[in-house]
Amino acid sequence: MSQATEHYYVPAPSKWPIIGSTALVFMGFGAALTMNKLPLGYSLLGIGFAILVFMLFGWFGEVIRESQKGVYHAQEDRSFRWGMTWFIFSEVMFFAAFFGALFYMRTFSIPWLAGEGVGGVDHALLWPDFTGDWPTAGPGFADNFTPMGAWGIPAINTLLLLTSGVTITLAHWALQKNDRSGLKLWMLATIALGVTFLGFQIYEYGHAYADLNLKLTSGAYGSTFYMLTGFHGFHVTLGTIMLIVIYFRSAAGHFKPEHHFGFEGVAWYWHFVDVVWLGLFIFVYLV
Amino acid sequence: MAVVQDVHGHVHGHPTGIMRWIGATNHKDIGTMYLCFSLTMLFIGGFLIMGVRAELFMPGMQIFEPEVFNSFTTLHGLIMVFGAIMPAFVGFANWQVPMMIGAPDMAFARMNNWSFWLLPVAASLLIGSFFVPGGAAAGGWTFYPPLSTQGGLGVDMMIFAIHILGASSIMGAINIITTILNMRAPGMTLMKMPMFVWTWLITAYLLVLVMPVLAGTVTMLLTDRHFGTSFFNAAGGGDPVLFQHVFWFFGHPEVYIMILPSFGIVSEVIPTFARKPLFGYSSMVYATASIAILSCIVWAHHMFSVGMPAAGQLFFMYATMLIAVPTGVKVFNWTATMWRGSMTFETPMLFAIGFILLFVIGGFSGVVCALVPVDIQVQDTYYVIAHFHYVLVSGSLFSLFAGAYYWLPKWSGRMYDETLGKWHFWLSMVFFNLTFFVQHFLGLAGMPRRIPDYALQFADFNMISSIGAFGFGLAQLLFVYIVIKCLRSGEKAPDMPWDGAKTLEWTHLPTPAPYHSFETPPVVKF
């Protein structure tokens, strides 16, 4: 039960949401045009993206300034915690859709196409030679590819992300002890690990396209592989940007040992990205 | 801008001009915008379906090319679900949740603004898609592949509109959850919260659970369309039926997202006009939670005819029928609340009772549809159309009208015209049943949905249904007139226009509710 001693902070009317909506008008129409190879698409998309970045800087900047002014007390802090928790939960469900697709294909649709259970007739009529061994590009694509092994770069990446989970915790402990140089050091280490992870991921994609003939168009395996690792990589990118922002805020003297939700929210997000990777490592690379 | 901040950073005063609306951080202003947006969308979606009913007025092809007809039915569904019904409930939540729990505003006031202002963006994409080459999406509001992997620019605009609507819903839901969990006044324990707040809390959980899955679904559809993935393509090892699974994993809880807040509104209206406390409050809470949990494990009952193992059909059939139990608890409780109450029948009460009666018919036809052998017969017929309009129109929409008449005096400080309100109810009631009751017979006789022409034997009932639809559409114009009349020249509402209202917005606030309510939380004692 909230025992509010101060007034809850309700901000004055803000221009940032409508700027964000303007960005999305451009991006929505721009993306639709781009994907249909129509003129104007990229320019609209570019303008929209620029406005979005401007909005994010402005909006988050305003929240940071408010935080520095000290308008956020215990009750606002709890709101941020609830908000971030449920945001991360919604992200988990977003990944669940893609994991669900992977499991469905491997458990149901591919065995059915190979003639198991209810799929007998389809198999005999359409693709009698299809055996349904995973990994597969599906019965209709005669595309030979080599699947991505687990024990090369992916294993190293697992180690990198797990280590980064440790370093961000060390940074948190340093912050709680008001050890500012330790905080900055461990933040830098976390950022370096995140960037290295992304570098390896980009290298892995290049390797897959150039040497393994493993593409987004490589049927069931290619679709799930790139969708899951790609959206994960996108989230690592976002997380790394958030870490960099937090690093600069730490360097500027923000955050107090007892009041630093901005830091914690990013740490939560980073751990979430880490856990999703473990799921990926097991279900996309290992089994 | 006439805004003054005190030392706590708290906003006082009353912003004016266009920035009051564009930059709004006040939950009441944002709620008003949600409600106006939703009403506009109701008429746009309604206009589309008037076109459809005009085409179906008699057999043969009269007005539309089949492709245009299909885009009308498709956009009617999308606009009504995502543009009319869902935003209307969020509008109610914005107005009512902070007042009912004694909070000064929503937990995230600026994000609240963005949740709203994303809606016109998505609406412009959806409605704009009618005017692009190839026209709007025409594969039905459920946009199953392969139809939706084949369409043109309009389908992509629909996909991005759904992404944006999803972002709006997720932000709205997180805001509502946080507000309810963190902003309640001292003494307002969870089990003392008004039912409307409870139903919205559970609805918001459902939203954060399933809207991201819908985002993932349309993302897979997009990559299948443009980037060569094979999620929904059997040649690549995927399956078009996979789309249906992920879509309905969102889609079935979505049904309850649109009806649970209705239950909340009706659970506020009935006790007020029966002048008795809600019968079985805690069982109402548990029933709502049970419905929400069950709603997540019944999705494949939308897919009985696409082919699935018998064990799957049996599981989804029995799980679906199980929902009738908590729903029955609710109907029983509403009825028991009215039992021997000193009832009066003002417009909100009429709509609430109409809701119970007709929603139960929709619920029963839902149990019929849940039976696998019956569903295989009625799948994609007008029986299904009749079923879900009984729960969505005479369920969700009627409860929205009940809520609107009930709280309009609190929001505006003025009374609506009771006679006209009753006219609105009775016209809606008669024309609604005229439109949809006959569709049960059409469906049982085998008339398929989403087809612009039909065999001669369906002609009479289709003509009746079309007349009903036109009447129902016109009756809703009366609602707009009643609201405008109320706002302009309605007589002043007393602080407590309803005898039996017991929630904080009636007991602790003047009428009309002040622009900033509960800046200092009230102490709640029951």
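Every value quoted in this text rests on a predicted model; they were computed, and no experiment measured them.

### Let's talk about the overall build of chain A
Alright, step 1. Regarding its fold elements, chain A presents eight helices and zero strands.
Alright, step 2. When the helices and strands of chain A are placed in sequence order, the string is α-α-α-α-α-α-α-α.
Alright, step 3. In terms of overall dimensions, chain A has C-alpha extents of about 70 × 45 × 40 Å along its principal axes.
Alright, step 4. Counting only residues that meet the buried cut, chain A has 40% of its 287 residues in that class.

### Regarding the overall build of chain B
Alright, step 1. In terms of helices and strands, chain B carries 18 helices and two strands.
Alright, step 2. Expected size for 526 residues packed as a compact globule is a radius of gyration near 24 Å; at 23 Å, chain B falls within 12% of this value.
Alright, step 3. Put simply, chain B has 526 residues, and 60% of those count as buried.
Alright, step 4. A fraction of 82% describes how many contacts in chain B between residues 6 or more apart in sequence connect residues 24 or more apart.

### A few points about the domain arrangement of chain B
Residues and elements named next belong to chain B.
Alright, step 1. Taken as a whole, chain B is organised into domain 1 (26–258) and domain 2 (269–513).
Alright, step 2. Here the C-alpha centre of domain 2 lies 19 Å away from the C-alpha centre of domain 1.
Alright, step 3. Tallying the contact residues gives 45 residues for domain 1 and 41 residues for domain 2.
Alright, step 4. For the side of domain 1 that touches domain 2, the elements supplying multiple residues, two or more each, are helix 2 (27–55), helix 3 (66–101), helix 7 (195–226) and helix 8 (240–257).

### Some words on the packing of helix 3 of chain B against helix 4 (residues 109–128) of chain B
All names here are of chain B.
Alright, step 1. Contact pair helix 3 / helix 4: the axes reach a minimum separation of 12 Å and the direction vectors enclose 165°. As far as their axial angle goes, helix 4 and helix 3 are roughly antiparallel. Considering only the axes of helix 3 and helix 4, their crossing is left-handed. Across the interface between the two elements, Leu75, Leu78, Ile79, Gly83, Pro87 and Asn94 from helix 3 touch Asn112, Leu119, Ala123 and Leu126 from helix 4.
Alright, step 2. Split into classes, the residues belonging to the contact of helix 3 with helix 4 amount to seven nonpolar, three polar and no charged.

### Regarding the interface of chain A and chain B
Alright, step 1. In this assembly, 64 residues from chain A lie in contact with 71 residues from chain B.
Alright, step 2. Within the residue set of the side of chain A that touches chain B, elements represented by two or more residues are helix 1 (16–35), helix 3 (74–113) and helix 7 (219–251) of chain A.
Alright, step 3. The greatest single-element share of the side of chain A that touches chain B, amounting to 22 residues, is contributed by helix 3 of chain A.
Alright, step 4. Its residues assigned to classes, the side of chain A that touches chain B shows 38 nonpolar, 21 polar and five charged.

### Remarks on the domain arrangement of chain A
Alright, step 1. Taken as a whole, chain A is organised into domain 1 (1–72) and domain 2 (79–286).
Alright, step 2. Taking the mean C-alpha position of each, domain 1 of chain A and domain 2 of chain A sit 26 Å from one another.

### Let's talk about helix 8 (residues 261–286) of chain A
Residues and elements named next belong to chain A.
Alright, step 1. Here helix 8 contains 26 residues, and its C-alpha end-to-end distance of 36 Å stays within 8% of the 38 Å for a straight helix at 1.5 Å per residue.
Alright, step 2. Within helix 8 the residues assigned to the buried category are Gly262, Phe263, Val266, Ala267, Trp270, Val273, Val276, Trp277, Leu280, Val284 and Tyr285.
Alright, step 3. Structurally, helix 8 contributes buried residues whose contacts are with helix 2 (41–69), helix 3, helix 5 (153–176) and helix 7.

### Section: the UniProt feature "transmembrane region" (unreviewed entry) in chain A
Residues and elements named next belong to chain A.
Alright, step 1. Per the UniProt entry, the sites bearing "transmembrane region" (unreviewed entry) are residues 16–34, 40–61, 82–105, 151–173, 185–203, 223–248 and 268–286 in this numbering.
Alright, step 2. Here residues 16–34 runs as 100% helix and 0% strand, with 26 Å between its end C-alpha atoms.
Alright, step 3. Between the C-alpha atoms that bound residues 223–248 there is a distance of 37 Å. The span itself is 100% helix and 0% strand.

### Some words on the packing of helix 7 of chain B against helix 9 (residues 260–274) of chain B
All names here are of chain B.
Alright, step 1. Contact pair helix 7 / helix 9: the axes reach a minimum separation of 7 Å and the direction vectors enclose 175°. Overall, the two elements helix 7 and helix 9 adopt an arrangement that is roughly antiparallel. Side by side, helix 7 and helix 9 meet where Met195, Phe196, Trp198, Thr199, Trp200, Ile202 and Thr203 of the first sit next to Leu260, Pro261, Phe263, Gly264, Ile265, Ser267 and Glu268 of the second.
Alright, step 2. Across the contact of helix 7 with helix 9, the residue classes break down as nine nonpolar, four polar and one charged.

### Considerations on the UniProt feature "domain: Cytochrome oxidase subunit I profile" (unreviewed entry) in chain B
Alright, step 1. UniProt's entry tags residues 21–525 of chain B with the feature "domain: Cytochrome oxidase subunit I profile" (unreviewed entry), counted in the numbering of this structure.
Alright, step 2. Counted over residues 21–525 of chain B, helix gives 70% and strand 0%. Its end C-alpha atoms are 35 Å apart.

### Brief notes about helix 10 (residues 281–295) of chain B
All names here are of chain B.
Alright, step 1. Along its 15 residues, helix 10 runs 21 Å from first to last C-alpha, staying within 8% of the 21 Å computed at 1.5 Å per residue.
Alright, step 2. Listed as buried for helix 10 are Met284, Ala287, Thr288, Ile291, Ala292, Leu294 and Ser295. With its buried residues spanning 170° around the axis, helix 10 presents them on a single face.
Alright, step 3. As for helix 10, its buried residues are in contact with helix 7, helix 8, helix 9, helix 11 (310–322) and helix 12 (324–338).

### Considerations on the environment of Thr288 of chain B
Residue and element names in this part refer to chain B.
Alright, step 1. Looking at where Thr288 falls in the secondary structure, it is placed in helix 10.
Alright, step 2. Expressed as a C-alpha distance, the spacing of Thr288 and Leu260, which sit 28 residues apart in the sequence, is 7.2 Å.
Alright, step 3. Ignoring sequence-local partners within four residues, the contact set of Thr288 consists of Trp198, Thr199, Ile202, Leu260 and Phe263.

Calculation notes
- Residues numbered from 1 in each chain as written.
- Chains lettered and ligands numbered in written order.
- Predicted model: local features only at pLDDT ≥ 70, side-chain atom pairs only at ≥ 80, totals over all residues.
- Helix = DSSP H or I, 4+ residues; strand = E, 2+ residues; numbered from the N terminus.
- Buried ≥ 20, exposed ≤ 12 C-beta atoms within 10 Å, placed from the backbone.
- Rg over C-alpha atoms; globule rule 2.2 N^0.38 Å.
- Contact = placed C-beta atoms within 7 Å.
- Domains from an automatic or database assignment.
- Axes fitted to C-alpha atoms, helices over the stretch in contact; angles between N-to-C directions.
- Parallel < 35°, antiparallel > 145°, perpendicular 65-115°, else oblique.
- Left-handed = near helix turned anticlockwise from the far one by under 90°.
- Nonpolar A, V, L, I, M, F, W, Y, C, P; charged D, E, K, R; others polar.
- Expected span 1.5 Å × (residues − 1).
- UniProt positions renumbered as here; feature names shortened; annotations may be inferred.
- Arc of directions from axis to C-beta.

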